[in-house]
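Read off the chains here:
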Amino acid sequence: MNKEPRLQGSWGRRIFRGEGSPVTGFSKGNRKIEVALKWDPSPAGQPPTDLDVVAATFVSSDPYGTPAYLVHHGSRSPDGTIFLNRDSTDGKGFGWDEVMTLELDRLDSRYARVVIGVVIQQQSGPRTFVNVLNPAMRVREGYTVLAEDDFGSVLGATAATIAEFVRDESGGWNFRAGVHGFDEDPATFTRVMGRANLS
């Protein structure tokens, strides 16, 4: 049996919700998106901190159910429309440590929704965003920043969804901002990250 996401509220048990600092809370016609993530390395003598960007796609017949496929450091998009440009396991890169590109305008018409998440790897023991040094994320299209956040509203979470793209009746993609924390392990988070509507 699948574990339900732990969130608060009238419709579920999500543990945290934060609006972040979106420049645009809702925009139409998104085509090519860049999601970037960065954090500082762990102090000397401590295990490395490893965050991962995850994209989950959903078909129109099951937009809030099981992801059709996931894209992250160990899984690729079957059609090449969503891919990691940069991956880090310790936050020691310069600038943005992880970067993912989504070519939404190339996604097959059967896909109706894409949810972007960030998960903290737990191999070295339980770790939440409060244990991550200077985490930050950015979602942009071209030079237009759609959303930015420092995860300050989800410090007790082990993972968070940070953006949602939904296809409208005309076939265009709409962006919805919002940071929502979960207390799931990485494997469970990827199964349940799409069950909540981010709007």
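Residues numbered from 1 in each chain as written. Predicted model: local features only at pLDDT ≥ 70, side-chain atom pairs only at ≥ 80, totals over all residues. Heavy atoms only, no water.

Asks: Explain the side chain of Ser-77 to me, using residue names and the numbers behind them.
Replies: Checked against the element boundaries, Ser-77 lands in the loop between strand 4 (69-71) and strand 5 (82-86). At 2.6 Å, the side chain of Ser-77 and the side chain of Asp-79 are in polar contact. At 3.4 Å, the side chain of Ser-77 and the backbone nitrogen of Thr-81 are in polar contact. Once you skip the residues sitting within four places of it in the chain, Ser-77 turns out to touch Tyr-69, Val-71 and Ile-82. (Helix = DSSP H or I, 4+ residues; strand = E, 2+ residues; numbered from the N terminus. Polar contact = N/O pair within 3.5 Å; in protein donor to acceptor, adjacent residues only side chain to side chain. Contact = heavy atoms within 4.5 Å.)

Asks: Now, about the side chain of Arg-138: what can you tell me, with residues and values included?
Replies: Within the secondary structure, Arg-138 is located in strand 8 (residues 133-141). Judged by its relative accessible area of 13%, Arg-138 falls in the buried class. Within the structure, the side chain of Arg-138 is placed 2.9 Å from the side chain of Glu-34, a separation counted as a polar contact. When residues no more than four places from it in sequence are discounted, the contact partners of Arg-138 are Glu-34, Val-35, Ala-36, Trp-96, Val-145, Ala-147 and Glu-148. (Buried < 20%, exposed > 50% of the residue type's maximum accessible area, 1.4 Å probe, protein only.)

Asks: An account of the environment of Ile-82 is needed here, citing residue identities and associated values.
Replies: Within the secondary structure layout, Ile-82 lies in strand 5. Linking Ile-82 and Arg-106, residues 24 residues apart in sequence, is a C-alpha distance of 9.5 Å. Not counting residues within four places of it along the chain, the set of residues in contact with Ile-82 comprises Ala-55, Thr-57, Tyr-69, Val-71, Ser-77, Met-100, Thr-101, Leu-102 and Val-114.

Asks: Outline the pairing of strand 7 (residues 111-120), supporting the account with residue identities and numerical values.
Replies: Where burial is concerned, most of strand 7 is hidden: 10 out of the 10 residues are buried. Where strand 3 (residues 51-59) and strand 7 come together, 9 bridges link them in antiparallel fashion. Residue pairing across strands places Phe-58 opposite Arg-113, the latter belonging to strand 7. In terms of strand pairing, strand 7 meets strand 10 (residues 159-167) through 7 bridges, oriented antiparallel. The partner of Ile-116 across the bridge, within strand 10, is Ala-163. (Pairing = 2+ DSSP bridges.)

Asks: Outline the environment of Thr-89, supporting the account with residue identities and numerical values.
Replies: Following the sequence through the fold, Thr-89 ends up in the loop between strand 5 and strand 6 (98-103). Sequence spacing of Thr-89 and Asp-50 is 39 residues, and the spatial spacing of their C-alpha atoms is 4.7 Å.

Asks: Talk me through the nonpolar core; I want residue IDs and the actual numbers.
Replies: Formed by 36 residues in total, the largest nonpolar core has its most connected members in Ile-116, Val-139, Phe-151 and Phe-165. Examining the composition of this core, we find that 5 residues originate from one element, strand 7, more than from any other. Ignoring anything within four residues of it in the chain, the contact list for Val-139 reads Ile-33, Glu-34, Val-35, Thr-144, Val-145, Leu-146, Ala-147, Ala-163, Phe-165 and Phe-175. (Core = buried A, V, L, I, M, F, W, Y, C linked by side-chain atoms within 4.5 Å.)

Asks: So what's going on with the pattern of salt bridges? Which residues, and what values?
Replies: Inspection of the entire model under this criterion finds 8 salt bridges. Between Lys-32 and Glu-103 there is a salt bridge; the shortest N-O distance is 4.0 Å. Note that Lys-32 is positioned in strand 2 (residues 32-40) and Glu-103 in strand 6, a separation of 71 residues in sequence. In this structure, Arg-106 engages Glu-103 in a salt bridge whose closest nitrogen and oxygen atoms are separated by 2.4 Å. Among the residues examined, Arg-106 registers a relative accessible area of 47% and is labelled partly exposed. Residue Glu-103 is classed as buried on the basis of its relative accessible area of 14%. Through salt bridges with shared partners, a single network forms among Lys-32, Glu-103 and Arg-106. (Salt bridge = Lys/Arg side-chain N within 4 Å of Asp/Glu carboxyl O.)

Asks: Give a detailed account of the sheet that holds strand 8, specifying residues and quantitative values.
Replies: Strands sit in the order 5-6-2-8-9 across an open sheet of 5 strands; the sheet is antiparallel. Of all strands in the sheet, those with a lone pairing partner are strand 5 and strand 9 (144-149), marking the two edges. Each strand axis lies, on average, 20° off the axis of its neighbour in the sheet, ignoring direction. Bridge analysis of strand 5 against strand 6 gives 4 bridges, and the strand direction is antiparallel. Bridge pairing in strand 6 links Arg-86 to Val-99. (Axes fitted to C-alpha atoms, helices over the stretch in contact; angles between N-to-C directions.)

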